[in-house]
Amino acid sequence: MEHQKNFDRKPAEEFVEKLVKLNRTAKTVKGGRRMSFSALTVVGDRKGRIGFGFGKANDVTEAIRKSLDKAKSSLITLPMKNGTIPHDMIGKYKSSEVLLKPACPGTGIIAGGAVRAVMDAAGITDVISKSQGSRTAVNVVRATFDAAAKLMDAKSVAQARGKSINDLWG
């Protein structure tokens with residue numbers, strides 16, 4: 001019997017996977033310390049689709065795999081305009097606050113570790129950000145995703161107002 005390859009399947013979408021934070025916790029039991037790991041990852045296709053996931057397991061690779069699976073199942077679309085975001089926005093989650101501002105071409109990603117990972121995975125090349133309040137990586141990523149979810153592109157603004165894009169921009 002000859003082995004047949006299935007060529008009509010779509011190729012898996014190519015995602016950029018970034019590990020933002022890997023944490024080791026220890027639980028003291030009768031026999032000593034039991035180690036556990038948690039991983040925070042961000043995935044993106046560099047075309048505006050991004051997601052994040054948080055996974056916990058007893059070994060590192062399993063925690064990372066779990067977090068990547070969760071990240072791929074929770075994708076959102078980030079509107080992009082010439083390699084940056086369309087307008088400035090503040091995202092909040094608990095006591096973390098992230099300000100995202102558009103930047104002109106050539107500026108680069110001016111952001112801290114967690115926000116930089118999200119923007120890089122999304123494919124944004126120029127943005128300015130400021131993180132305020134709690135600097136916990138998980139909360140900063142959630143605040144960044146809150147800001148990204150609230151961003152609007154010109155088409156959605158025009159539809160919400162019941163006008164055409166030409167009416168908005170003159």
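Note that the coordinates shown come from a computational prediction; the quantities given were computed from them, not determined experimentally.

K.L.:
I'm lost on the confidence of the model for the chain in this one. Help?
P.N.:
When pLDDT drops low, the exact placement of atoms in the prediction is not to be read closely. Per-residue pLDDT for the chain has a mean of 89; in total, 91% of the residues score no lower than 70. Across residues 7-11, confidence stays below pLDDT 50; counting only partners more than four residues off in sequence or on other chains, it has 0 contacts.

K.L.:
Even after reading the chapter, I still don't get the pattern of salt bridges, so can you show me in this structure?
P.N.:
When charged atoms on two side chains of opposite charge get close, those side chains can pair. Summed over the entire model, instances satisfying the criterion amount to 6 salt bridges. Members of the salt-bridge network, linked through shared partners, are Lys18, Arg46 and Asp120.

K.L.:
Whenever I open this one, the side chain of Ser67 confuses me. Can you help?
P.N.:
Relative to the elements of secondary structure, Ser67 occurs in helix H1 (residues 60-73). Ignoring any residue separated from it by four or fewer positions in sequence, one finds Ser67 in contact with Ala39, Thr41, Gly53, Phe54 and Gly55.

K.L.:
Honestly, the nonpolar core in this entry has me stumped. Any pointers?
P.N.:
Most often, soluble globular proteins have nonpolar side chains that are buried together. With 27 residues, the main nonpolar core has Ile50, Leu100, Val115, Val118, Met119, Ile124 and Val141 as its most contacted residues. Breaking this core down by element, the ones donating at least two residues are strand S2 (32-44), strand S3 (49-57), strand S6 (96-102), helix H2 (113-122) and helix H3 (137-150). Broken down by element, this core gets its largest block of residues, 7 residues, from H3. If near-sequence neighbours (up to four positions away) are discounted, Val141 is found in contact with Val20, Leu40, Val42, Phe52, Ala114 and Val118.

K.L.:
What is the right way to read H1 from this model?
P.N.:
Helical geometry note: an α-helix holds 3.6 residues per turn, so side chains three or four residues apart project in the same direction. Taking 1.5 Å per residue, 14 residues should reach 20 Å; H1 reaches 20 Å between its end C-alpha atoms and fits that length. Buried residues of H1: Ala63, Ser67, Leu68 and Ala71, and no others. Angularly, the buried residues of H1 cover 130 degrees about the axis, an arc narrow enough to put them on a single face. Along H1, the residues that are exposed and aim more than 90 degrees away from the buried face are Thr61 and Ser73. Looking at the buried side of H1, the elements it contacts are strand S1 (16-29), S2 and S3.

K.L.:
Just checking my understanding: could you explain the sheet that holds S2 for this structure?
P.N.:
Adjacent strands of a sheet form backbone hydrogen bonds with each other and so pair up, either parallel or antiparallel. Ordered in space as S1-S2-S3-S4, the 4 strands form an open sheet in which the pairing is antiparallel. Sheet topology places S1 and strand S4 (76-77) at the edges, where each strand pairs with a single neighbour. By the bridge criterion, 8 bridges tie S2 to S3 in an arrangement that is antiparallel. In the sheet register, Gly44 faces S3, and the bridge partner there is Ile50.

K.L.:
How should the environment of Arg46 be read in this particular structure?
P.N.:
Structurally, Arg46 is set in the loop between S2 and S3. Spatially, the C-alpha atom of Arg46 lies 14 Å from that of Ile109, the residues being 63 residues apart in sequence. Within polar-contact distance, the side chain of Arg46 engages the side chain of Asp120 at 3.2 Å.

K.L.:
How should I be thinking about the packing of H2 against H3 in this particular structure?
P.N.:
If you want to describe how two helices pack, look at the angle between their axes and the distance between the axes. Two numbers describe how H2 lies on H3: the axes approach to 9 Å, and their chain directions differ by 40 degrees. With respect to their mutual orientation, H2 and H3 come out oblique. Viewed along their axes, H2 and H3 form a crossing whose handedness is right-handed. Along its contact with H2, which presents Ala114, Val115, Val118 and Met119, the element H3 presents Ala137, Val140, Val141, Thr144 and Phe145. Here the residues of the contact of H2 with H3 are counted per class, giving 8 nonpolar, 1 polar and no charged.

K.L.:
Any chance you could explain H2 here in plain terms?
P.N.:
Buried residues dominate H2, accounting for 7 of its 10 residues. Looking at the residues trailing H2, positive phi occurs at Gly123, about 95 degrees.

Cut-offs and rules
Numbering of residues starts from 1 in each chain and follows the order in which that chain's sequence is written. Totals for whole chains, interfaces and linings use every residue, but because this is a predicted model, local features are given only for residues with pLDDT of at least 70 and side-chain atom pairs only at 80 or more, for both listing and counting. Hydrogens are left out, water is left out, and the side-chain values use all remaining heavy atoms of the structure. Per residue, pLDDT captures the predictor's confidence, and it can take any value from 0 to 100. Note on contacts: a residue pair qualifies if any of its non-hydrogen atoms lie within 4.5 Å across the two residues. The salt bridge criterion pairs a side-chain nitrogen of Lys or Arg with a carboxyl oxygen of Asp or Glu, the two atoms within 4 Å. Secondary structure counts use DSSP, requiring at least four H or I residues in a row for a helix and at least two E residues in a row for a strand, with both numbered from the N terminus. Grouping buried Ala, Val, Leu, Ile, Met, Phe, Trp, Tyr and Cys residues that are joined through side-chain atoms within 4.5 Å yields what is termed a nonpolar core. Categorising residues by exposure relies on relative accessible area from a 1.4 Å probe, with only protein chains included: less than 20% of the type maximum marks a residue as buried, more than 50% marks it as exposed, and the intermediate range marks it as partly exposed. Multiplying one less than the number of residues by 1.5 Å gives the expected span of a helix. Relevant arc is that of directions from the helix axis to the C-beta atoms, nothing else. Here, a strand pair is defined by DSSP locating no fewer than two bridges between the strands. Two N or O atoms count as a polar contact when they lie within 3.5 Å, although within protein this holds only if one can serve as hydrogen donor and the other as acceptor, and sequence-adjacent residues are included solely when both atoms are side-chain atoms. Helix axes are fitted to C-alpha atoms over the stretch in contact, other axes to C-alpha atoms as well, and angles between N-to-C directions run from 0 to 180 degrees. Here the angle decides the label: under 35 degrees means roughly parallel, over 145 means roughly antiparallel, 65 to 115 means roughly perpendicular, and every other value means oblique. Crossings are assigned a handedness: left-handed for a near helix turned anticlockwise from the far helix by less than a right angle, right-handed for a clockwise turn. All residues other than Ala, Val, Leu, Ile, Met, Phe, Trp, Tyr, Cys, Pro, Asp, Glu, Lys and Arg, Gly among them, are scored as polar; the first ten of these are nonpolar and the last four charged.

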